[in-house]
Amino acid sequence: MNDQNSNSLSASLMKEQKHTEEHQQDSSGELKRQSEERDLAIESEPSKHDGSLSLHDNAIQIKRPFQDACETFTSEEIEQHKHWMKHALTLADKAELIGEVPVGACVVLNGELIGEGYNTPITDNDPSAHAELRAVKAAASQVQNYRLVDATLYVTLEPCSMCAGMLVHARVKRVVFGAKDAKTGAAGSVMNLLQHSALNHQIEIVSGVLADECAQKLSDFFRKRRKEIKAAKKAQKLKENGESD
């Protein structure tokens, strides 16, 4: 009789343990399923609007921080942006002539040019010698003020994080750029430091002005550089083979 009770009790305990394990597995599976559904919902949820407004005029885009009123470019504004971007392109040509990446920039205040610059980091052995930084330094010297309030910077390529930070410190009102930079752009492509909500100054961004011309200039430069590098390697190889003979 005792053996029967013992066996019955053991069977009952085993059955209860099995039931507990199945329940735990079901709970674990349910939690995993809920977690996966939650992750999927997060991935599919659209990002929250940052309070800024994007406007389009063909390829040209404007993004003003914290502004709700809809505005469009006037033909005069478009022509003004194109005019100064063309000037920035001529500065980019100067960079290319000395073997630098062809990027040019200029600063305009009240319709007048107050500073300009182009890439010279290789020439000057200075990693900070970007077109934007050189143009802003020249502009600040011209107006004798380290703040460039109400000024607009025109640059052929989207500013990097270094230049974006400098522009915020300079209190530039607006940045107008031509080609986007998918690798280091800090005006919306990789990040948007110019309008970061944690910073104490946000800058109006206008992108896409003469974008094709700006992008083509860079593409042509790097295509030419690749050919030159390839030719140099070939010449070096031929030279080495000749010496070995």
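What comes next concerns the included structure. Owing to the predicted nature of the structure, the values given are computational and were not obtained by experimental measurement. (Residues numbered from 1 in each chain as written. Predicted model: local features only at pLDDT ≥ 70, side-chain atom pairs only at ≥ 80, totals over all residues. Heavy atoms only, no water.)

## Section: the overall build of the chain
Scanning the chain from N- to C-terminus turns up five helices and seven strands. Along the chain, from the amino end to the carboxyl end, the secondary structure elements read α-β-β-α-β-β-α-β-α-β-β-α. For the chain, the share of sequence-separated contacts (at least 6 apart) that also reach a separation of at least 24 residues comes to 56%. Total accessible area on the chain is roughly 15,800 Å²; 51% of this is exposed by carbon and sulfur atoms. (Helix = DSSP H or I, 4+ residues; strand = E, 2+ residues; numbered from the N terminus. Contact = heavy atoms within 4.5 Å. Areas by Shrake-Rupley, 256 points an atom, 1.4 Å probe, with all protein chains shown as cover.)

## Describing helix H2 (residues 75-97)
For H2, spanning 23 residues, the distance from its first C-alpha to its last is 33 Å, which sits close to the expected 33 Å at 1.5 Å a residue. Three or more residues of H2 are buried, namely Ile78, His81, Trp84, Met85, Ala88, Leu89, Leu91, Ala92 and Ala95. (Expected span 1.5 Å × (residues − 1). Buried < 20%, exposed > 50% of the residue type's maximum accessible area, 1.4 Å probe, protein only.)

## So, the nonpolar core
General note: in soluble globular proteins, nonpolar side chains tend to be found buried as a group. Core analysis: the largest hydrophobic core is formed by 45 residues, its most contacted members being Val107, Leu148, Leu153, Leu167 and Leu194. Listing elements by their share of this core, those giving two or more residues are H2, strand S3 (104-109), helix H3 (131-143), strand S5 (152-157), helix H4 (161-169), strand S6 (174-179), strand S7 (204-207) and helix H5 (211-244). In this view, leucine 148 contacts Val107, Ile114, Val136, Ala139, Ala140, Val143, Ala170, Arg171, Val172 and Lys173; residues no more than four positions away in its chain are not counted. (Core = buried A, V, L, I, M, F, W, Y, C linked by side-chain atoms within 4.5 Å.)

## As for the pattern of salt bridges
Oppositely charged side chains can pair when the atoms bearing their charge come close. Considering all chains together, one arrives at three salt bridges under this definition. Here aspartate 93 makes a salt bridge to lysine 217, at a shortest N to O gap of 2.4 Å. Of the two residues, aspartate 93 sits in helix H2 while lysine 217 sits in helix H5, which places them 124 residues apart along the sequence. Taking the relative accessible area as the measure of exposure, aspartate 93 reaches 32% and is therefore partly exposed. With a closest N to O distance of 2.8 Å, aspartate 220 and arginine 223 form a salt bridge. Of this pair, aspartate 220 and arginine 223 both sit in helix H5, three residues apart, which is roughly one turn of that helix. According to the relative accessible area criterion, aspartate 220 is partly exposed, its value standing at 36%. (Salt bridge = Lys/Arg side-chain N within 4 Å of Asp/Glu carboxyl O.)

## Some words on the side chain of asparagine 119
Structurally, the position occupied by asparagine 119 is in the loop between strand S4 (112-118) and H3. With a relative accessible area of 9%, asparagine 119 lands in the buried category. A polar contact of 3.0 Å, which involves the side chain of asparagine 119, links it to the backbone nitrogen of alanine 131. Look past the residues within four positions of asparagine 119 in its chain and what remains in contact with it is Ala95, Ile98, Glu100, Val101, Val103, Ala129, His130 and Ala131. (Polar contact = N/O pair within 3.5 Å; in protein donor to acceptor, adjacent residues only side chain to side chain.)

## Comments concerning the state of the cysteines
Per the stated rule, a full pass over the model turns up zero disulfides. Take cysteine 163: it sits in no disulfide, and the sulfur closest to it among the cysteines is that of cysteine 160, at 3.8 Å. (Disulfide = S-S within 2.5 Å.)

## Examining the environment of valine 149
Within the secondary structure, valine 149 is located in the loop between H3 and S5. Remark: the alpha-carbon pair of valine 149 and leucine 109, spanning 40 residues in sequence, is separated by 8.7 Å. Not counting residues within four places of it along the chain, the set of residues in contact with valine 149 comprises Leu109, Ala170 and Arg171.

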